Amino acid sequence: MTENTHGLTKTACLKIFAKSFLTAYALCTVFHAPLEPGRYETAIDYAIASIYELLGEYNLKFLLVLVLSAFCYRFAARQSAEKGSGRHSSVIPAGFFALCLLLGQSYHEAGDSSYVLGSGINFVKSAVAFAGYACLFHALTGLACLALDSHDFRSDKEHFFTRHAFSKSFFILAASYLPFLILAFPGNLCWDAIGQIDQVIGDVSYSTHHPLFHTLIMGGLVKAGESLFHSPEIGLFLYMLLQDTMLAAALAATIAVLSGRGARFSLLLVLQLLYCLTPVYSNMASTAVKDVPYASCVIVYCIWLALLLEKPERIRNRKFIISFFFIQLGVILFRNNGLYVVLLSGIAGFLFLFRKYGLREKILCLFAAFGGSVVTAKLILALLAFICHATPGSPGEMMSLPFQQTARYLQLYQDEISDTERVSIEALLGDVGTAAAKYDPASADPVKALFDRTASAKELIAYMNAWFQGLVKHPGTYFEAFFLHVYGWFDPAVSNSIRYEADTYDAIRQGGLFPDAEKLLIFYYRFAGRTLLGFLENTGASVWALVFLTFYQKRHRQRAAVCAGAPLWVSLLICMASPCFFGHPRYAFPILFTLPFLYGFTLTLAPVSEDMAQK
């Protein structure tokens, strides 16, 4: 037995060497733009250059990576032999991660897929690198699964969070965030927040472009500070305290719920430290932005949804249902696209309960709960819009992606469009030449700003028909525009700025508690972004963590936990439809802030037996 477990056959050694070589190639190879045959005097010169390009360089760095990879694969093979890995075949997530890295690098550096598909040589290099990355991620995900399975994350022992877990966690978090909040006094503002405040205290008319409910709260507090204390700064600081309280309360709720489920102290301590030390939490607690209260509501919404899906009999608890109803209202009222999070995840929960339990009366109650919150929220928003005489938001806000695809199509093939297509596009975006010139792969805002708000439904339908015609004629261009628009959400190598900074705002003093205080905060957050803490707040890494968690849940047949992650997957779709990812990680806050709880919830679930899983 010892020989089979620890010994290595020649075949095993060859496999480890092959995987190590592929991994070293993937990590060390450098991609370039496709070689052009016309730049070489003869075909032999081109062939020699192509061979050099394919082989790469085998230097000391390559050798070190090769050796380290061999140790990694040897360790993974030993762990798999000792603990068993039959349930942990992670080919699909490993391939997904490898593809994200390769495509992400190509789109980030070249602006297209030329590093991967630009030439035969590049394609072969990408295929070899893909195999190397896939082998590495296959081993790492397998080891991660084994590590999680080898620990029991539940315990009956009393610890610090056994009693009054919410209060303890809340006050620790509040104490951690308060110094940053005071240093940033009266609060850091982003441009969206300035636009919302101006609707209340300025000459700007109300609009539903931003969530009107949140606009009235933030702007109302600023106006109250100006009226009562002759200081809009005090009003903004009061809002910051409210926002900080919401975030700390939502995060403390995750600790309290997991503690109530018997989570070990070590697991709770890790989450508490994550909330306290990861800069994005204190950063956003001191920045006035609608995404923080919204993300706070999403965290609590996911908690209630997970608890309901785990034990559907909770639907009979009146307090649970009433609180769930108001939580859903918060998700919808604090951000316009919160409606889709509640609606789509509600449908997922409905289908889950219907298929798994067949409890008709409970399903009807659940459906009524989701439907009731959506209808109530829409009525509240309609009433607020009526009272404030708010102008409706632009339908173009939902069309960032098709507008980007159209602009890229016009930039490359403007001469090919028909007169009908030209008329349809110009009805929404104006002159096609201007739309093409406004195309920016990093942001859809320049093209989206051209949208004619007075366009009729008929003109919108005509545009979508023109959009589809372009897709049929040049699908590659549309796919390129799509990947350019979304790759940053899936590639951890892409670094997102996390500090929203508005240069000047006449109505409210900016800059921090004392001169240059804001510069200290900016330095701290940018410095932290260069450390491991920066990786913990990376949006691409958070999406990878979500993919791995879903894979782990499915492997352990934790279907309730999989369904509880539906709001995060809907949030990812919203991220993909957003104007851009550079400098806007706030769209991914629901994912980033809720993942720690979902990991804790998954690790504290009772194991599912084979018989029960089949039933």
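Residues numbered from 1 in each chain as written. Predicted model: local features only at pLDDT ≥ 70, side-chain atom pairs only at ≥ 80, totals over all residues. Heavy atoms only, no water.

Now for the overall build of the protein. Broken down by element type, the protein carries 30 helices and two strands. For a compact globule of 615 residues, the expected C-alpha radius of gyration is about 25 Å, and the protein comes in at 27 Å, within 12% of that figure. Counting only C-alpha atoms and orienting by the principal axes, one finds that the protein spans roughly 80 × 70 × 60 Å. Within the protein, buried positions represent 50% of all 615 residues. Sequence-distant contacts, at least 24 apart, represent 81% of the contacts inside the protein between residues at least 6 apart. Total accessible area on the protein is roughly 29,100 Å²; 66% of this is exposed by carbon and sulfur atoms. Of the charged side chains in the protein, 47 are positive and 44 negative; the average position of the first set lies 14 Å away from that of the second. (Helix = DSSP H or I, 4+ residues; strand = E, 2+ residues; numbered from the N terminus. Rg over C-alpha atoms; globule rule 2.2 N^0.38 Å. Buried < 20%, exposed > 50% of the residue type's maximum accessible area, 1.4 Å probe, protein only. Contact = heavy atoms within 4.5 Å. Areas by Shrake-Rupley, 256 points an atom, 1.4 Å probe, with all protein chains shown as cover. Lys, Arg positive; Asp, Glu negative; His and termini not counted. Charge placed at Lys NZ, Arg CZ, Asp CG, Glu CD.)

The amide bond that connects F185 to the next residue, P186, takes the cis arrangement and shows omega of 5 degrees. With respect to the helices and strands, the residue P186 is situated in the loop between α8 (165-183) and β1 (188-189). Backbone geometry places H164, a non-glycine residue, at a positive phi of 55 degrees. Along the chain, the position of H164 falls in the loop between α7 (120-149) and α8. Positive phi outside glycine occurs at H230, with the angle close to 55 degrees. Here H230 shows up in the loop between α10 (212-229) and α11 (232-260).

Across all of its chains, the model carries 11 salt bridges by this definition. The partner of D192 in a salt bridge is K290, with the nearest N and O atoms 3.8 Å apart. Residue D192 is found in helix α9 (residues 191-201), and its partner K290 is found in the loop between β2 (287-288) and α14 (291-310); the two are separated by 98 residues along the sequence. You can call K290 buried: its relative accessible area is 7%. A salt bridge links D192 to R586, with the nearest nitrogen and oxygen atoms 2.8 Å apart. (Salt bridge = Lys/Arg side-chain N within 4 Å of Asp/Glu carboxyl O.)

This part covers the packing of aromatic side chains. Applying the stated rule across the entire model yields 41 aromatic pairs. Against the face of F160 rests K168, its NZ or CZ located 4.5 Å from the ring centre. Directly above the aromatic system of Y587 lies the positively charged group of R586, at a separation of 4.8 Å from the ring centroid. (Phe/Tyr/Trp six-rings, centres within 6.5 Å; stacked < 30°, edge-to-face > 60°. Lys NZ or Arg CZ within 6 Å of the ring centre and 35° of its normal.)

This brings us to α11. Its 29 residues give α11 an end-to-end C-alpha distance of 42 Å, which sits within 8% of 42 Å, the value for a rise of 1.5 Å per residue. Just downstream of α11 lies G262, where phi reads positive at about 85 degrees. (Expected span 1.5 Å × (residues − 1).)

So, on to the packing of α11 against helix α29 (residues 589-603). Across the interface, α11 lies against α29 with an axial gap of 10 Å and an inter-helix angle of 5 degrees. In terms of their interaxial angle, α11 and α29 are classed as roughly parallel. Within the contact between the two elements, α11 uses L247, L251, T254, V257 and L258 and α29 uses F593, F597, G600 and F601. When its residues are assigned to classes, the contact of α11 with α29 shows seven nonpolar, two polar and no charged. (Axes fitted to C-alpha atoms, helices over the stretch in contact; angles between N-to-C directions. Parallel < 35°, antiparallel > 145°, perpendicular 65-115°, else oblique. Nonpolar A, V, L, I, M, F, W, Y, C, P; charged D, E, K, R; others polar.)

So, about the nonpolar core. Note that soluble globular proteins tend to have their nonpolar side chains buried in a common cluster. By size, the foremost hydrophobic cluster in this structure holds 150 residues, and its most contacted members are L189, Y301, W489 and F593. For this core, the element with the highest residue contribution is α14, accounting for 15 residues. Dropping the residues within four chain positions of it, F593 is found in contact with L247, L251, V280, Y281, A295 and I299. (Core = buried A, V, L, I, M, F, W, Y, C linked by side-chain atoms within 4.5 Å.)

With that settled, the discussion passes to the state of the cysteines. In this structure the tally under the stated criterion is zero disulfides. Counting only cysteine sulfurs, C302 is the nearest neighbor of C563, a cysteine outside any disulfide, at a range of 11 Å. (Disulfide = S-S within 2.5 Å.)

Attention shifts here to the side chain of N337. Note that N337 resides in the loop between α15 (318-333) and α16 (338-356). Residue classification places N337 among the buried positions, given a relative accessible area of 15%. In terms of polar contacts, N337 uses its side chain to reach the side chain of R335, at 3.2 Å. (Polar contact = N/O pair within 3.5 Å; in protein donor to acceptor, adjacent residues only side chain to side chain.)

Another point: α10. Note on helix geometry: an α-helix contains 3.6 residues per turn, so any two residues three or four positions apart are oriented the same way. Over its 18 residues, α10 extends 25 Å from the first C-alpha to the last, a length consistent with the 26 Å expected when each residue adds 1.5 Å. Buried within α10 are the following residues: L212, H214, T215, M218, G219, V222 and G225. When α10 is viewed along its axis, its buried side chains cluster within an angular range of 165 degrees and face the same direction. Facing away from the buried side of α10 by over 90 degrees, the exposed positions are S227 and L228. H230, located one to two residues past α10, shows a positive phi value of around 55 degrees. (Arc of directions from axis to C-beta.)

Here the focus is the side chain of K125. As for its placement among the helices and strands, K125 is situated in helix α7. Within the structure, K125 has its side chain in polar contact with the side chain of E53 (distance 2.9 Å). If we ignore the near neighbours within four places in the chain, the residues touching K125 are Y25, T29, V30, F31, E53 and L54.

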